[in-house]
Amino acid sequence: DTQPDVPVLTPWLAPIVWEGTFNIDLLDEHFQSQNVTIGLTVFAVKRYICYLTMFLQTAEIHFMVGHRVNYYVFTDQPDNVPRILLQKGRQMVILKVQSYARWQDISMRRMETISIFSQERFHREVNYLVCVDVDMKFRDHVGVEILSSLFGTLHPGYYAIGKQFFPYERNPQSQASILENEGDFYYTAAFFGGSVPEVYRLTKACHQAIMMDQANHIEAVWHDESHLNKYLLYHKPTKVLSPEYMCHTAEECIWFQNKRGLSTIVKRVRFVTLQKNMSYIRTD
Ligand code: UDP
Ligand code: MN
């Protein structure tokens, strides 16, 4: 079993996490001795509530097994959150948020909500935050190997591609703008995290940038993801997750992803996007 050549360190010497680069028993022991608690934030607003059962059920099997976990489910319909039987040491906190007419606003406002709750309660309740999309499922181990003060995840569609092809916001008027010759990686907004203070700083900065753009009647091309990419360019993550942690399963995306050679490189498909029925799910 020969691992193809993959980068395991960023140019600023942060680990890039792939299967084979870590010893999970050693890491489990280390984080258990610290009695670490991990907060997993997820938003299920409007019709996206339909993803929660699959998301939570697969998280119970694959996410941080053996560690203390708080699920923070942000929703506009607390009564419709499915009640899942959780393993020992794991709990669910349902938090009510307002809904917005446009899906872009629901997606972007996650930055504001996470920053507010980091300051108000997460800092007392958890050591690390993991912030993910809900239209996803866990398929394989996602554990403490991802934890670090600030981490981002490589977007599978833009893996090993020239930075000039990254879909960064290019309008210099936008707070998210990145010049043609700048950039390290293209990170997905569907999976990032870190210590509570670092996630607070990140989400607060992104929210402020989004509000600044809004005041200037600008919306970055990939919404919160554009702002996340700008932030991570100037605040280098201390760990980077390989596309094992974000794989596409929808047909059109698999094709795109295979063009990036990922089908041979990715040995463990850990966390995957689900096929969305857009006409049902996006009501606007
Ligand atoms: N979201 C939501 N309700 C909506 C739109 C978005 O709860 O009506 C949340 C949900 O957590 C979703 C995330 O915002 O996973 C990002 O939106 P989406 O997954 O549609 O973006 P994509 O992955 O297609 O870029
Ligand atoms: Mn998504």
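Residues numbered from 1 in each chain as written. Chains lettered and ligands numbered in written order. Predicted model: local features only at pLDDT ≥ 70, side-chain atom pairs only at ≥ 80, totals over all residues. Heavy atoms only, no water.

(A) A look at helix 2 (residues 52-62). Along helix 2, the positions that sit buried rather than exposed are Leu-52, Phe-55, Leu-56, Thr-58, Ala-59, Glu-60 and His-62. Against strand 2 (37-44), strand 3 (68-75), strand 4 (90-96), strand 5 (128-132), strand 6 (136-138) and strand 10 (271-273) lie the buried residues of helix 2. (Buried < 20%, exposed > 50% of the residue type's maximum accessible area, 1.4 Å probe, protein only. Helix = DSSP H or I, 4+ residues; strand = E, 2+ residues; numbered from the N terminus. Contact = heavy atoms within 4.5 Å.)

(B) Quick look at the site of ligand 1. Near ligand 1 there are 13 residues, and of these Phe-43, Val-45, Tyr-48, Lys-276 and Arg-282 occur at the shortest range. One nitrogen or oxygen atom from the main chain of Val-45 is found 2.8 Å from an oxygen atom belonging to ligand 1. Within the backbone of Val-134, one N or O atom sits 3.1 Å away from an oxygen atom of ligand 1. Here ligand 1, which alone exposes 510 Å², has 84% of that area covered by the protein. Top element by residues in the shell around ligand 1 is helix 3 (residues 103-125). It accounts for four residues. Taken together, the residues of the shell around ligand 1 sort by class into seven nonpolar, one polar and five charged. (Near = heavy atom within 4 Å. Polar contact = N/O pair within 3.5 Å; in protein donor to acceptor, adjacent residues only side chain to side chain. Areas by Shrake-Rupley, 256 points an atom, 1.4 Å probe, with all protein chains shown as cover. Nonpolar A, V, L, I, M, F, W, Y, C, P; charged D, E, K, R; others polar.)

(C) Representation of the environment of Ile-49 within the structure. With respect to the helices and strands, Ile-49 occurs in the loop between strand 2 and helix 2. Accessibility expressed as a relative area gives 14% for Ile-49, which makes it buried. In this structure, the C-alpha to C-alpha distance between Ile-49 and Pro-82, residues 33 residues apart in sequence, is 8.8 Å. For Ile-49, the contacting residues outside a window of four places in its chain are Ala-44, Thr-75, Gln-77, Asn-80 and Val-81.

(D) Molecular detail of the pairing of strand 7 (residues 150-153). Burial along strand 7 is two-sided: the face carrying Leu-150 and Gly-152 and the face carrying Phe-151 and Thr-153 are both buried. In the sheet, strand 7 pairs with strand 8 (residues 191-195) via two bridges, with the strands oriented antiparallel. Opposite Leu-150, over in strand 8, you have Gly-194 as the bridge partner. Two elements, strand 7 and strand 9 (residues 239-241), share three bridges in a ladder whose sense is parallel. The residue of strand 9 that forms the bridge with Gly-152 is Val-240. (Pairing = 2+ DSSP bridges.)

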